[in-house]
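Given next are the chains, with one letter for each unit.
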Amino acid sequence: MRAALDPATIPSPRPAGWVVDQAHVLSIAQIAEINRLGDAVHACDGAEMAIIVVPTIGGGDHRAWAVRLFNRWEIGDRVRNNGVLIFVAVGDRAAEIVLGAGLDSSEGRARSDRVMRDEMLPRFRESENAAAIVAAAQACAREFFDVHFTPAAPTAAPDPAMMLVEAPDPERASGPPPTRPAKPTTRSAPASTTLHGSRSGLPVAVFAGVGVLLLGGVGAGIAVAASRPRRCGRCGVTMQKLDEVADDQHLSQGERLEERLGSVDYTIWMCPGCSAVEKRRSGRWFTRFSACPQCGQVTSSDLKTTLQHATEWSGGLVEIREHCEHCGRTHVYRRSTPRITRSSNSSGSGGRSSSGFGGGRSSGGGSSGKW
Ligand SMILES: [Zn+2]
Ligand SMILES: [Zn+2]
């Protein structure tokens, strides 16, 4: 049965971006955010992550439709076949994650299953369609390409006099900061414009702020807003920003280490009226450090060693050594990498597809979901 909507009629988003939203689900800020994520993925071995959102395909099989679009666009590098397509037909309540042949392994499918099950379907079921799509893009970038920001970690009992403030850091416009959903927080105005709950604790809300930041022309306006003196929540007096040296007295050992490693930035504001202290935490999106599962500080990094290179004929093996500079936790494990597959449809020269994607192929692996 032929779908009423023909994949051939969907224009490629390349080179302008990575997302086509014919259902008008995503805000301009969210599209900008996903495009930025797509650029970061692309910087990783020419990998490509595309997102297509349609109202309906008008009947027919969603999986087959999405795989056809993938292979029509030729997503991913033509040799590595490291493309991912996130497909959503909002009106059909159907979603698909299609993997390029190079990512299509039992492990790759387990990852796309996780993204579908944990990030997408629960949000779609609550009609948080845009949040589901942003979370899917974010999770695929993380799961398949190690492109991630650092979700902030829970830390030991906070000083009750401290209010934790989270906001995008305009000086590091490269990404949204981590949030700490468990703490009572005060958000700066730009970040609070669109607040969606985020099951995983990832800062969906902050996407809105960063999107605005991107749209706002290098974020000059917000830079002013973020450094503008704030008023004390208790007594209303204008607070003062402490310098770096004075800052340190208000940071734990782990927080000081985070700052030194450059994974998180802290700004301390003090109220001259009542001596209340406000700690402002802003993470960096692209840091090589991630939150340590043991101590929670963003001080853990990975060292990857290739034990066996993947070839066209066999998969490879990588050893990953996680080490936390704060608590010393070390965790070593191995991960298999997929065989390199060569695209059969591209000629050997250059290899870019006419759609503007890299010439990658999918053999149809990935995950499907309905809600
Ligand atoms: Zn005060
Ligand atoms: Zn640790």
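Please refer to the structure placed before this passage.
Here's a quick rundown of the structure. (Residues numbered from 1 in each chain as written. Chains lettered and ligands numbered in written order. Predicted model: local features only at pLDDT ≥ 70, side-chain atom pairs only at ≥ 80, totals over all residues. Heavy atoms only, no water.)

Concerning the overall build of the chain
The helix and strand inventory of the chain stands at eight helices and 14 strands. Counting all 371 residues of the chain, 52% fall into the buried class. Long-range pairs, those at least 24 residues apart, make up 65% of the contacts in the chain between residues at least 6 apart in sequence. Accessible surface computed for the chain: about 16200 Å², of which carbon and sulfur atoms make up 51%. (Helix = DSSP H or I, 4+ residues; strand = E, 2+ residues; numbered from the N terminus. Buried < 20%, exposed > 50% of the residue type's maximum accessible area, 1.4 Å probe, protein only. Contact = heavy atoms within 4.5 Å. Areas by Shrake-Rupley, 256 points an atom, 1.4 Å probe, with all protein chains shown as cover.)

Remarks on the sheet that holds strand β12 (residues 316-324)
Strand pairing in a sheet relies on backbone hydrogen bonds, with the paired strands running either antiparallel or parallel. Pairing is antiparallel across the open sheet formed by four strands, whose spatial order is β10-β11-β12-β13. What marks the edges here is a single partner per strand, and that holds for β10 (289-290) and β13 (330-337). Where strand β11 (residues 300-308) meets β12, eight bridges bridge the pair, whose relative direction is antiparallel. Within the sheet, the bridge partner assigned to Lys 304 lies in β12 and is Ile 320. (Pairing = 2+ DSSP bridges.)

Some remarks on the coordination of the zinc ion (ligand 1)
Every protein donor of the zinc ion (ligand 1) is accounted for by Cys 232 (SG), Cys 235 (SG), Cys 271 (SG) and Cys 274 (SG), and the metal-donor separations fall at 2.2 to 2.4 Å. One can describe the donor arrangement at the zinc ion (ligand 1) as tetrahedral, given that its four donor atoms subtend angles of 99 to 123° at the metal. Taken in chain order, the donor set of the zinc ion (ligand 1) reads C-x2-C-x35-C-x2-C. With Cys 232 in the loop between α6 (220-227) and β7 (240-241) and Cys 271 in the loop between β8 (264-270) and β9 (277-283), the pair connects residues that are 39 residues apart, well separated along the chain. On the basis of relative accessible area, Cys 271 is assigned to the buried category, the value being 1%. (Donors = N, O, S within 2.8 Å, 3.2 Å for Na, K, Ca; no water. Tetrahedral: all angles 85-135°; square planar, octahedral: opposite > 155°, others 65-115°.)

Concerning the packing of aromatic side chains
According to the stated counting rule, one finds five aromatic pairs in the structure shown. Measuring from ring centre to ring centre gives 5.3 Å for Trp 65 and Phe 87, while their planes differ by 45°; the resulting arrangement is tilted. In this pair, Trp 65 is assigned in helix α2 (residues 62-73) and Phe 87 in strand β3 (residues 83-89), connecting sequence segments 22 residues apart. We classify Trp 65 as buried; its relative accessible area is 1%. Judged by its relative accessible area of 0%, Phe 87 falls in the buried class. (Phe/Tyr/Trp six-rings, centres within 6.5 Å; stacked < 30°, edge-to-face > 60°.)

Notes on the coordination of the zinc ion (ligand 2)
Protein coordination at the zinc ion (ligand 2): the donors are Cys 292 (SG), Cys 295 (SG), Cys 324 (SG) and Cys 327 (SG), at 2.2 to 2.4 Å from the metal. The sequence motif formed by the donor residues of the zinc ion (ligand 2) is C-x2-C-x28-C-x2-C. On the accessibility criterion, Cys 295 (19% relative accessible area) is buried.

Some points on α2
The terminal C-alpha atoms of α2 lie 16 Å apart, and with 12 residues this matches the ideal 16 Å at 1.5 Å per residue to within 8%. With nine of 12 residues buried, α2 lies mostly within the body of the structure. Check the buried side of α2 and you find it contacts β1 (19-21), β2 (48-54), β3, β4 (94-99) and β14 (366-370). Taken from the residues just after α2, Glu 74 is the one with a positive phi, measuring 60°. (Expected span 1.5 Å × (residues − 1).)

Overview of helix α4 (residues 129-145)
Spanning 17 residues, α4 covers 24 Å between terminal C-alpha atoms, matching the ideal 24 Å at 1.5 Å per step. A large share of α4 lies buried, amounting to 16 of its 17 residues. Asp 146 sits one or two positions beyond α4 and adopts a positive phi of about 60°.

Notes on the side chain of Asn 129
Within the secondary structure, Asn 129 sits in helix α4. Each residue touching Asn 129, except ones within four places of it in the same chain, is listed here: Val 25, Val 90 and Phe 124.

Quick word on the pairing of β9
Extensive coverage of β9 is indicated by the burial of seven of its seven residues. With burial as the criterion, each face of β9 is covered, one bearing Val 277, Lys 279, Arg 281 and Gly 283 and the other bearing Glu 278, Arg 280 and Ser 282. Pairing of β8 with β9, which is carried by seven bridges, proceeds in the antiparallel orientation. Looking at β9, one finds that Thr 267 is bridged to Arg 280. Connecting β8 to the antiparallel partner β9 that follows it, the hairpin turn spans six residues, and Ser 275 within it adopts a positive phi of roughly 65°.

Brief notes about the nonpolar core
Ranked by internal contacts, the top residues of the largest apolar core, which has 36 residues, are Met 49, Ile 51, Val 84, Ile 86, Val 88 and Met 120. When residues of this core are traced back to their parent elements, those giving at least two are α1 (28-42), β2, β3, β4, α3 (106-125) and α4. Sort the elements by how many residues they give to this core and α4 lands first, with 11 residues. In this structure Met 120 touches Ile 86, Val 88, Ala 95, Ile 97, Val 115, Ala 132 and Ala 136, once residues within four positions along its chain are discounted. Within the second largest apolar cluster, 20 residues are counted, among which are Phe 70, Trp 73, Ile 75 and Phe 87. (Core = buried A, V, L, I, M, F, W, Y, C linked by side-chain atoms within 4.5 Å.)

A closer look at the pairing of β2
Taken across its seven residues, β2 has seven buried, putting it largely inside the fold. Alternating positions in β2 separate into two faces, Glu 48, Ala 50, Ile 52 and Val 54 on one and Met 49, Ile 51 and Val 53 on the other, with burial throughout. Pairing of β1 with β2, which is carried by three bridges, proceeds in the parallel orientation. Residue Val 19 lies in a different strand from β2, and its bridge partner there is Ile 51. At this point the chain moves from β1, through α1, to the parallel β2, and the crossover so formed is left-handed. Across seven bridges, the pairing between β2 and β3 is parallel. (Right-handed = clockwise from strand over helix to strand, strands pointing away.)

Limitation: the analysis is restricted to geometry and does not speak to function.
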